[in-house]
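In case you want the letters, here they are:
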Amino acid sequence: MADWLKLTPEDIEASVQQAQTVPPTPAVLAINADDLTPAVGSTAVENSLLRITTADITPVPPQNEHDPDLVALETLMFGLLNSARQQHLPRWLGNPNLQWHVELAAVARGHAADMLKRQYVNHTSPEGIKVARRITQYGVSYMACGENIGVVYGDAAHGETAVYAIHNAYMNQPRRLTNHRGNLLNPIWTHVGIGAAYDPHGAFYITQNFIRA
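Residues numbered from 1 in each chain as written. Predicted model: local features only at pLDDT ≥ 70, side-chain atom pairs only at ≥ 80, totals over all residues. Heavy atoms only, no water.

This part covers the layout of surface pockets. When its volume is computed, the second largest pocket comes out at roughly 260 Å³. Along its surface, the second largest pocket is lined by 16 residues, and Val60, Pro62, Ile129, Arg134 and Gln137 are the ones closest to its centre. Of the residues in the lining of the second largest pocket, the class split is 8 nonpolar, 4 polar and 4 charged. (1 Å grid on protein atoms, 1.4 Å probe; cavity = no way out; pocket = protein on both sides within 12 Å on 5 of 7 lines; lining within 4 Å. Points joined across faces, edges and corners; volume = space filled by probe spheres on them. Nonpolar A, V, L, I, M, F, W, Y, C, P; charged D, E, K, R; others polar.)

Attention now moves to helix 1 (residues 9-21). Between its terminal C-alpha atoms helix 1 stretches 19 Å, which fits the 18 Å expected from 13 residues at 1.5 Å a residue. Considered for burial, the residues of helix 1 that qualify are Ile12, Ser15, Val16 and Ala19. Along the axis of helix 1, the buried positions cluster into a sector of 100 degrees, meaning they face one direction only. When the buried face of helix 1 is taken as reference, the exposed residues oriented beyond 90 degrees from it are Glu10 and Thr21. (Helix = DSSP H or I, 4+ residues; strand = E, 2+ residues; numbered from the N terminus. Expected span 1.5 Å × (residues − 1). Buried < 20%, exposed > 50% of the residue type's maximum accessible area, 1.4 Å probe, protein only. Arc of directions from axis to C-beta.)

What follows covers the packing of aromatic side chains. One pass over the full model with this rule turns up 3 aromatic pairs. Ring centres of Phe78 and Trp100 lie 5.2 Å apart, and the angle between their planes is 75 degrees; this geometry places the pair in the edge-to-face category. Separated by 22 residues along the polypeptide, Phe78 in helix 3 (residues 68-88) and Trp100 in strand 2 (residues 99-100) bring together distant segments of the chain. A relative accessible area of 18% means that Phe78 is categorised as buried. For Trp100, a relative accessible area of 30% gives the class partly exposed. (Phe/Tyr/Trp six-rings, centres within 6.5 Å; stacked < 30°, edge-to-face > 60°.)

What follows deals with the nonpolar core. Judged by nonpolar contacts, the single largest core of 34 residues is most densely connected at Phe204 and Ile206. For this core, the secondary-structure elements that each account for two or more residues are helix 1, helix 3, strand 3 (144-153), helix 6 (160-171), helix 7 (180-185), strand 4 (191-199) and strand 5 (203-212). A total of 8 residues in this core trace back to one element, the largest contributor, which is helix 3. Dropping the residues within four chain positions of it, Ile206 is found in contact with Met77, Met115, Asn148, Ile149, Gly150, Ile166, Tyr170, Ile194, Gly195 and Ala196. Residues Ala112, Ile149, Ala197 and Ala203 belong to the second largest nonpolar core, which totals 9 residues. (Core = buried A, V, L, I, M, F, W, Y, C linked by side-chain atoms within 4.5 Å. Contact = heavy atoms within 4.5 Å.)

Right, let's get into the pairing of strand 4. With respect to burial, strand 4 is a largely interior element, 7 of its 9 residues being buried. Relative to strand 4, strand 2 runs parallel, the two sharing 2 bridges. Its bridge partner being in strand 4, Gln99 is matched across the sheet by His191. Taken together, the 9 bridges between strand 4 and strand 5 define a ladder with antiparallel strand orientation. In the sheet register, Ala197 faces strand 5, and the bridge partner there is Tyr205. Where strand 4 folds back onto strand 5 in an antiparallel hairpin, the turn is made up of 3 residues, including Gly202, whose phi is positive at roughly 120 degrees. (Pairing = 2+ DSSP bridges.)

What follows deals with the pattern of salt bridges. Considering all chains together, one arrives at 4 salt bridges under this definition. Between Glu74 and Arg109 there is a salt bridge, with its nearest N and O atoms 2.8 Å apart. On the criterion of sequence distance, the pair formed by Glu74 in helix 3 and Arg109 in helix 4 (residues 102-118) is long-range, its members being 35 residues apart. Here Glu74 falls in the buried class, since its relative accessible area comes to 1%. Taking relative accessible area as the criterion, Arg109 reaches 9% and is therefore assigned buried. Note that Arg134 and Glu147 form a salt bridge whose closest N and O atoms lie 2.9 Å from each other. With Arg134 in helix 5 (residues 131-137) and Glu147 in strand 3, this residue pair connects regions lying 13 residues apart in the sequence. By relative accessible area, which is 0% here, Glu147 ends up buried. (Salt bridge = Lys/Arg side-chain N within 4 Å of Asp/Glu carboxyl O.)

Once that is clear, we can look at the environment of Glu103. Residue position: Glu103 is located in helix 4. Look at Glu103 and you get partly exposed, because its relative accessible area is 37%. C-alpha separation for the pair Glu103 and Gly193, spaced 90 residues apart in sequence, amounts to 7.3 Å. Discounting residues that sit within four places of it in the chain, Glu103 has contacts with Tyr138 and Val140.

Take it as geometry only, folks, not as evidence of what the structure does.
See below:
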């Protein structure tokens, strides 16, 4: 029998009302070398003088144009997301697939790139900007919104390996609506935008922005 998310119409209505009040933003998921099997060794980084400029602390805005390689990884995660929804959401809900939202993807890319550039992992930027405000500032209208973020460090942070590592970590969480897995599978969403950012030295950041249009 399929491992469906057990839901009732009352669950969905309650989820809509909750997301309109407080956008679901599960706690940060970070994957380190020790989390992988087999474990991989860490690479020592030579200490150097830290220099900070105005550019270093300037927030990264939404990104419409993007590296084709990162677009391919975003597309891969989009496919994994919809495949998971097809597998785990009850059939009576109808078509479980989310539609790709270009503007949401730009917002998601901006947040992923900002976390990478300014070295933080949080739904809230250093200026205190949360997901709802990021989406609204970019002119996206919605009834409810939510966000997943994740980061992979080390040898697993390269290419498709990073995407599968984050997606599998999401899906291995308990079956409830308040974590990354539940957010990804939440039936109230209609659209998603996914943004990736990558440091060749070994860091891959992902942001998934969801809305109910």
